[in-house]
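Structural overview for review
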Amino acid sequence: MSSSEFTAHHRPAEGPSERKFGLTMAVASLLIGALPLLEAAPPRYWLLAVAAAFLAAALLWPRGLAPLNAAWFKLGDLMARVVGPVALGVLFFGVITPIGGLMRALGKRPLSLSPDRGLKTYWVERDRNPSAEAFRDQF
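Described below are features of the structure shown in this document. These numbers were taken from a predicted model, which means no experiment stands behind them.

Here the focus is the nonpolar core. Among the nonpolar cores identified, the biggest contains seven residues, and these are Phe21, Met25, Ala26, Phe54, Ala57, Ala58 and Leu65. When residues of this core are traced back to their parent elements, those giving at least two are helix 2 (18-34) and helix 3 (45-60). Apart from residues no more than four positions distant in its own chain, Ala57 is found in contact with Pro62 and Leu65.

Right under this line is the structure:
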């Protein structure tokens, strides 16, 4: 496969088209606008109007949705830049650090990292002649 064939078949993923964006926003607005109907309350008419506007724009003038689509992608990128580090920080400081502190308080050391001058070697002794059965179904 030549490089031109490779690039023709493996282009980077592009964002959704303006028409798909408009249809997605129309469906989302329609669902959220009609949600109060589940509790026998009146729908949110302004969201139904937004849904109709998105549907009309998606079908009749999709290019007009390009600025909204670009803004939506920028918002998603900004949220990813914020949420990712925050989630990792919560995971590290809320889960991993307390587990490490608890293990340290209980004296558990899964890795023997401290030097021991009394040892000749840090190699762990293993059975020199394991049976052939020990090699079956290793994984």
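Okay, back to it.
A few words on the packing of aromatic side chains. The tally for this structure, following the rule as stated, stands at two aromatic pairs. Taken together, a centroid distance of 6.2 Å and an interplanar angle of 85 degrees make the contact between Phe21 and Phe54 edge-to-face. Of this pair, Phe21 sits in helix 2 while Phe54 is found in helix 3, placing the two residues 33 residues apart along the sequence. Summarising the burial analysis for this pair, Phe21 and Phe54 share the class buried. Pairing Phe92 with Phe93 gives two aromatic rings, centres 4.9 Å apart and planes at 85 degrees, and the pair type is edge-to-face. Looking at Phe93, the relative accessible area reads 61%, which means it is exposed.

Attention now goes to a nonpolar patch on the surface. A cluster of nonpolar residues, Trp72, Leu75, Leu78, Met79, Val82, Val83, Val86 and Val90, forms a patch on the protein surface that exposes about 760 Å² of accessible area. Examined against the element boundaries, Leu78 turns out to sit in helix 4 (residues 66-105).

Quick look at the pattern of salt bridges now. Side chains carrying opposite charge are able to pair once their charged atoms draw close together. Taken as a whole and judged by the stated rule, the model has two salt bridges. Here Asp77 and Arg81 are joined by a salt bridge, their closest N and O atoms 3.2 Å apart. Highlighted residues: Asp77 and Arg81, both in helix 4, separated by four residues, approximately one helical turn. Across the salt bridge formed by Glu133 and Arg136, the nearest N and O atoms sit 3.4 Å from each other. We classify Glu133 as exposed; its relative accessible area is 55%.

Rules used in this analysis
The written sequence of each chain sets the order in which its residues are numbered from 1. Reporting of local features is limited, given that this is a predicted model, to residues whose pLDDT is at least 70; pairs of side-chain atoms are given and counted only at 80 or more, and all residues count toward the totals for whole chains, interfaces and linings. Only hydrogens and water are removed before side-chain values are computed, so all heavy atoms of the structure are retained for them. Definition used in this section: a nonpolar core is a set of buried Ala, Val, Leu, Ile, Met, Phe, Trp, Tyr and Cys residues joined via side-chain atoms within 4.5 Å. Throughout, exposure labels follow a simple rule: accessible area from a 1.4 Å probe, protein chains only, divided by the maximum for the residue type, with under 20% read as buried, over 50% as exposed, and the rest as partly exposed. Per the convention used, a helix needs a DSSP run of H or I reaching at least four residues, while a strand needs a run of E reaching at least two, with both numbered from the N terminus. Only heavy atoms matter for contacts: two residues are in contact if any of them lie within 4.5 Å across the pair. Pairing of aromatic rings covers Phe, Tyr and Trp, the last counted by its six-membered ring, and requires centre-to-centre distances within 6.5 Å; plane angles under 30 degrees mean stacked, over 60 mean edge-to-face, and any other angle means tilted. To count toward a patch, a residue needs a relative accessible area above 30% and no salt bridge. Like charges then connect within 9 Å, nonpolar side chains (Val, Leu, Ile, Met, Phe, Trp, Tyr) within 5 Å. Method for areas: the Shrake-Rupley scheme with a 1.4 Å probe, in which residue coverage is limited to the protein chains shown. One speaks of a salt bridge when a side-chain nitrogen belonging to Lys or Arg is within 4 Å of a carboxyl oxygen belonging to Asp or Glu.

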